[in-house]
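Fold and contact review
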Amino acid sequence: MSAHLTHDAVVPPLRSDLNVTAPPTGTGAEVINIRPVGASQSMAMHGFEFSIALMLDGRRTADDVMLSCSRLGLPLSLPALEAFVGQLEAHGLLGAGVYLGRPSRPDWPPPVRD
């Protein structure tokens, strides 16, 4: 990232044109491959990392994301969030503006919703 994240900085959005191998199963340990449509290289991340990535919507602040992660039992510091956003950026997974969601996102399985 060109600028450091601050607590009140709005996080950049995840791209809306991403291919994902499968939705998380709920354990958070599974590995998910994610890449922009048409790209040959993908980024491997765990389900819990993918859950954090989905929080990046171009509206939430860094504090909002860290609070949501804390509520899920995923402690996240500002430097760790900044590093994660930097990784997503390096893999071309960030967009501009506000994340509008993936068009045909499958429903979460019941254990994940629970």
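First, a word on scope: everything that follows refers to the structure included in this document.

Considering the sheet that holds strand 3 (residues 43–46)
- The strand order across the open sheet formed by three strands is 1-2-3, and the pairing between neighbours is antiparallel. Each edge of the open sheet carries a strand with a single partner, namely strand 1 (18–20) and strand 3. If you compare each strand with its neighbour and ignore which way they point, the axes differ by 30 degrees on average.
- Bridge count between strand 1 and strand 2 (residues 31–36): three bridges; the pairing is antiparallel. Across the sheet, Val20 pairs through a bridge with Ile34, a residue of strand 2.

Let's talk about the nonpolar core
- Ranked by internal contacts, the top residues of the largest apolar core, which has 28 residues, are Met45, Leu56, Val65, Leu81, Leu88 and Leu93.
- The set of elements that each furnish at least two residues to this core consists of strand 2, strand 3, helix 1 (47–54), helix 2 (62–71) and helix 3 (78–90).
- When residues of this core are assigned to their parent elements, the largest contribution, five residues, is made by helix 3.
- Beyond its immediate chain neighbours, meaning those up to four positions away, Val65 contacts Val11, Ile52, Met55, Leu56, Arg60, Leu76 and Leu81.

The rules behind the values
Residues numbered from 1 in each chain as written. Predicted model: local features only at pLDDT ≥ 70, side-chain atom pairs only at ≥ 80, totals over all residues. Heavy atoms only, no water. Pairing = 2+ DSSP bridges. Helix = DSSP H or I, 4+ residues; strand = E, 2+ residues; numbered from the N terminus. Axes fitted to C-alpha atoms, helices over the stretch in contact; angles between N-to-C directions. Core = buried A, V, L, I, M, F, W, Y, C linked by side-chain atoms within 4.5 Å. Buried < 20%, exposed > 50% of the residue type's maximum accessible area, 1.4 Å probe, protein only. Contact = heavy atoms within 4.5 Å.

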